[in-house]
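Fold and contact review
Each chain, written out:
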Amino acid sequence: MSDTLTQLEAADFINRSFKPLPRSYGDALLAAAHNDPRIVALCADLVTPTETDRFRDELPDRFHNVGIAEANMIGMAGGMARSGEIPFCHSFCAFITKRVLDQITMQAAYPNLPVKIVGFLPGVATLLGVSHQAIEDVAIMRAVPNMAIFEPSGPEYHAAMVKLALDWDGPAYLRMKRPETTPDAIEPQSLEIGKGVIRREGRDLTIISAGLCVSEALQAAHTLAVEGVEARVVDMASLKPIDQGLILESAASTGAIVTAENHSIIGGLGSAVAEVLMDKGVGLPFKRVGIQDRFCEGGTTPYLMNKFDLDAVAIAKAARGVMQKKKG
Amino acid sequence: MNAKHNVKDLESIATRLRLHVVDMVAPSGQGYVQQGLGAADIFTSLYFAEATMDPTNPEWPDRDRIFLTTAHNTAIFYATLAERGFFPVDDLKTYVTDGSTLEINSSERMGPFVEATCGSLGQGLSVAIGCAIAAKRQGRASRFYVIVGDGEMQEGQIWEAAMLAGARGLDNLCFIVDYNFVQSEGPMDLVMSLDPLMDKMESFGFACQEVDGNDLSALLSAYDVARETKGKPSFIKANTLMGKGVESLEGLMFHQLRFPPEVASSARAELEAQL
Ligand SMILES: Cc1ncc(C[n+]2csc(CCOP(=O)(O)OP(=O)(O)O)c2C)c(N)n1
Ligand SMILES: [Mg+2]
């Protein structure tokens, strides 16, 4: 460290000698805010981890770090939304759903206000352990009336998340994952409310997945193809409202379904798909891949996806199981 | 307890703990080096002098209980537990590696010496108050020490808990704030300062003291005063210096200071020279 640097500059230098992570969500939000003066951003002291640092610096009048006080943030957002603003609230998934559920239901969902709840660290995918893992957030938020839920399967869908949140008039929950490394240049992809995306075609079964499990499902489909099984892979980025048409059509055309999610098997994507099928009286070989009603632990994402049976290996295994039933 | 403890010995324990902090955080860059170095004297004074406990019987019901509610400050916490004999010092090498129970946020799956799982900030003080009320009813002499972060004090639950502790006059409770003046965003006044903190806590019914949180004798005296205070919970504002003990890191106000290997080795050398 040179003597000419102040201590603060030195520390800044130390911090910056590590490559910064991308900001594919945060930049899209900032761009939207430049176009729509109603957009404001709130954050409960997790600015960089929620990609809102550039927003803070470029639009300081429209940014509020409210401190480590999530409940107050949601209540404030309700007030702002009642005053014609569109507040995007940021924290980790665990804190911005579970810790503030009552504030969300009463101050955002019941009055059906455009309060946008943006969480990072979905499911098990964090070193930070059980307190920071949101493995039941989709189940909880799905049960809240008026609430929409969207989850991207990669940074190419991050800009679309902002658009979906704005297209939905009421409260919406975005379940975001910050890329852990800087991806190559990404080609932004669009999404629609209530629409899944067929990411791979196949006639033998359908794997319906979301978020981090989509790439695992695609990998599983590749393995299965080698074995002569062609899996359709659906990216259900719109978890609520869900794409009923695509679920029913997939059931009819492929005859077997596996769901795969970085979430508890209770109440999330798997449950949502099962509800659609049962409501229409469709019975077929079916298996949910997800966290088996247990608490997890911190670790690197590949380690955790493997340990808790959320990876391509686990999905392929479930697919073989439903194929067996389909044949038998 | 002041008279009974050789402060020089405690100082060298604190330095040893600081060395562990550097060694634990350096390999992965994961962990909180500035907070760990800053809080080393709080941990040393509580675990090696003030609190009564038995590492061979961590569930001993009459133990004094220490709650670390900033559960992310684990480099110093685990170093302390290991040096105090709760688990082998060698286990520190597994810090934040896949499969290790030595996670970045402490959880009670490690053992009963993690008194509650507190990674979600703002919850631990309430749990400590519950334990303190139960101990009173059960006639136990245990004392309850809660190490809270200054940023964490922005959580509303802290103030609900503090209001109750004051109203009930819980004199077996000692609320220590690790006042390093940094939260995730940086220095606290960038976000929201707690001032006037002493007045606030006083008005909530606490017996308040402000000490240099890097002065072991001052900390020990403050615990003495707290123990002798009857009819009120105690609050100790322990002013700590981030990076304390490593000159090049002292006062660097970063929540998560990234830590390249060359900085780690010079920090190590500096601490070793103090032993
Ligand atoms: C409820 C909750 N919100 C946010 C976080 C994320 N978080 C972890 S540490 C931290 C800053 C803590 O600051 P402080 O309490 O002063 O602790 P220090 O690191 O200074 O010891 C934040 C915001 C969390 N763990 N829990
Ligand atoms: Mg602090």
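Keep in mind that what you see is a predicted model, and the values were worked out from it rather than measured. (Residues numbered from 1 in each chain as written. Chains lettered and ligands numbered in written order. Predicted model: local features only at pLDDT ≥ 70, side-chain atom pairs only at ≥ 80, totals over all residues. Heavy atoms only, no water.)

In terms of regular secondary structure, chain B is built from 8 helices and 7 strands. The globule rule puts the C-alpha radius of gyration for 275 residues at 19 Å, and the 17 Å found for chain B is close to it. Expressed as lengths along the three principal axes of its C-alpha atoms, the size of chain B is roughly 50 × 45 × 40 Å. At a minimum sequence separation of 6, the contacts of chain B that also span at least 24 residues come to 76%. Just so you have it, chain B exposes about 10000 Å², and 51% of that area is on carbon and sulfur atoms. Side-chain charges of chain B comprise 22 positive and 37 negative groups, with the mean position of each set lying 7 Å from the other. (Helix = DSSP H or I, 4+ residues; strand = E, 2+ residues; numbered from the N terminus. Rg over C-alpha atoms; globule rule 2.2 N^0.38 Å. Contact = heavy atoms within 4.5 Å. Areas by Shrake-Rupley, 256 points an atom, 1.4 Å probe, with all protein chains shown as cover. Lys, Arg positive; Asp, Glu negative; His and termini not counted. Charge placed at Lys NZ, Arg CZ, Asp CG, Glu CD.)

Right, let's get into the site of ligand 1. Taken together, 23 residues are adjacent to ligand 1, and Glu70(A), Gln35(B), His72(B), Asp150(B) and Gly151(B) come closest. Take Gln35(B): an N or O atom from its side chain is 2.8 Å from an oxygen atom of ligand 1. In the model, an oxygen atom of ligand 1 is placed 2.8 Å from a nitrogen or oxygen of the Glu152(B) main chain. Relative to its unbound accessible area of 590 Å², ligand 1 is 98% covered by the protein chains. Along the lines of polarity and charge, the residues of the shell around ligand 1 split into 5 nonpolar, 12 polar and 6 charged. (Near = heavy atom within 4 Å. Polar contact = N/O pair within 3.5 Å; in protein donor to acceptor, adjacent residues only side chain to side chain. Nonpolar A, V, L, I, M, F, W, Y, C, P; charged D, E, K, R; others polar.)

By the definition in use, this model includes 0 disulfides over all chains. Between Cys213(A), a cysteine without a disulfide, and Cys296(A), which holds the nearest cysteine sulfur, the sulfur-to-sulfur distance is 12 Å. (Disulfide = S-S within 2.5 Å.)

A word on the interface of chain A and chain B. Counting residues at the interface gives 32 residues for chain A, matched by 37 residues for chain B. Summed over both sides, the interface of chain A with chain B buries roughly 2700 Å², with 54% coming from carbon and sulfur. At the surface where chain A touches chain B, the tally comes to 3 salt bridges. Across the pair Arg56(A) and Glu185(B) runs a salt bridge, and its minimum N-O distance is 3.0 Å. Here chain A and chain B share 13 residue pairs in polar contact (both at pLDDT 80 or more) between them. No other element matches helix H1 (residues 7–16) of chain A, which puts 6 residues into the side of chain A that touches chain B. Taken together, the residues that form the side of chain A that touches chain B break down as 15 nonpolar, 11 polar and 6 charged. (Buried area = accessible area lost by both parts, 1.4 Å probe. Salt bridge = Lys/Arg side-chain N within 4 Å of Asp/Glu carboxyl O.)

Residue and element names in this part refer to chain A. Roughly 430 Å³ of volume is contained in the second largest pocket. What lines the second largest pocket is a set of 24 residues, among which Ser153, Gly154, Lys177, Leu212 and Ser215 lie closest to the centre. Listing elements by their share of the lining of the second largest pocket, those giving two or more residues are helix H9 (213–226) and helix H12 (301–307). Its residues assigned to classes, the lining of the second largest pocket comprises 9 nonpolar, 7 polar and 8 charged. For the lining of the second largest pocket, the domains that each give at least three residues are domain 1 (10–175) and domain 2 (197–327). (1 Å grid on protein atoms, 1.4 Å probe; cavity = no way out; pocket = protein on both sides within 12 Å on 5 of 7 lines; lining within 4 Å. Points joined across faces, edges and corners; volume = space filled by probe spheres on them. Domains from an automatic or database assignment.)

Further remarks concern helix H4 (residues 70–82) of chain A. One full turn of an α-helix is made of 3.6 residues, so residues set three or four places apart face in the same direction. Residue and element names in this part refer to chain A. With 13 residues, H4 extends 19 Å from end C-alpha to end C-alpha; this agrees with the ideal 18 Å at 1.5 Å per step. Along H4, the positions that sit buried rather than exposed are Glu70, Met73, Ile74, Ala77, Gly78, Met80 and Ala81. Across the axial projection of H4, the buried residues extend over an arc of 165°, all falling on one side. On the buried face of H4, the contacting elements are strand S1 (39–43), strand S2 (63–65), strand S3 (86–92), helix H5 (93–97), helix H6 (101–109) and strand S4 (116–120). (Expected span 1.5 Å × (residues − 1). Buried < 20%, exposed > 50% of the residue type's maximum accessible area, 1.4 Å probe, protein only. Arc of directions from axis to C-beta.)

Where two aromatic rings form a pair, the distance of their centres and the angle of their planes describe that pair. Residue and element names in this part refer to chain B. According to the stated counting rule, one finds 16 aromatic pairs over all chains in the structure shown. Ring geometry for Phe43 and Phe77: centres 6.2 Å apart, planes at 50°, overall tilted. Of this pair, Phe43 sits in helix H2 (residues 33–50) while Phe77 sits in helix H3 (residues 74–84), and the two are 34 residues apart along the sequence. The buried category is assigned to Phe43, whose relative accessible area is 1%. One aromatic cluster in this structure is built from Phe43, Tyr47, Phe77, Tyr78 and Tyr95. For the cation-ring pair, Lys237 lies above Tyr179, with the distance from its terminal atom to the ring centre recorded as 4.2 Å. (Phe/Tyr/Trp six-rings, centres within 6.5 Å; stacked < 30°, edge-to-face > 60°. Lys NZ or Arg CZ within 6 Å of the ring centre and 35° of its normal.)

Residues and elements named next belong to chain A. Partitioning chain A into structural domains gives domain 1 (10–175) and domain 2 (197–327). Computed from C-alpha atoms alone, the centre-to-centre distance between domain 1 and domain 2 is 27 Å. At the junction of the two partners, domain 1 supplies 31 residues and domain 2 supplies 34 residues. Carbon and sulfur atoms make up 57% of the surface buried where domain 1 meets domain 2, a total of about 2300 Å² over both sides. Among the residues of domain 1 in contact with domain 2, Val124, Ile135 and Arg142 are the three that bury the most area, contributing 31% of the side total. Across the contact surface, domain 1 and domain 2 share 1 salt bridge. Arg142 is the salt-bridge partner of Glu275, the closest N and O atoms lying 3.0 Å from each other. The interface formed by domain 1 and domain 2 contains 20 residue pairs in polar contact (both at pLDDT 80 or more). Tallying contributions element by element places helix H7 (residues 137–142) first for the side of domain 1 that touches domain 2, with 5 residues. Within the side of domain 1 that touches domain 2, the residues separate by chemical class into 19 nonpolar, 6 polar and 6 charged.

Next up on the list: the coordination of the magnesium ion (ligand 2). All names here are of chain B. Ligation of the magnesium ion (ligand 2) by protein atoms is provided by Asp150 (OD), Asn180 (OD1) and Val182 (O), these donors lying 2.0 to 2.2 Å from the ion. Going along the chain, you hit the donors of the magnesium ion (ligand 2) in the pattern D-x29-N-x1-V. Within this pair, whereas Asp150 is found in the loop between strand S2 (144–149) and helix H5 (156–167), its partner Asn180 is found in the loop between strand S3 (173–179) and strand S4 (182–183), the two being separated by 30 residues in sequence. Of the residues examined, Asp150 reaches a relative accessible area of 1% and is grouped as buried. Judged by its relative accessible area of 8%, Asn180 falls in the buried class. (Donors = N, O, S within 2.8 Å, 3.2 Å for Na, K, Ca; no water.)

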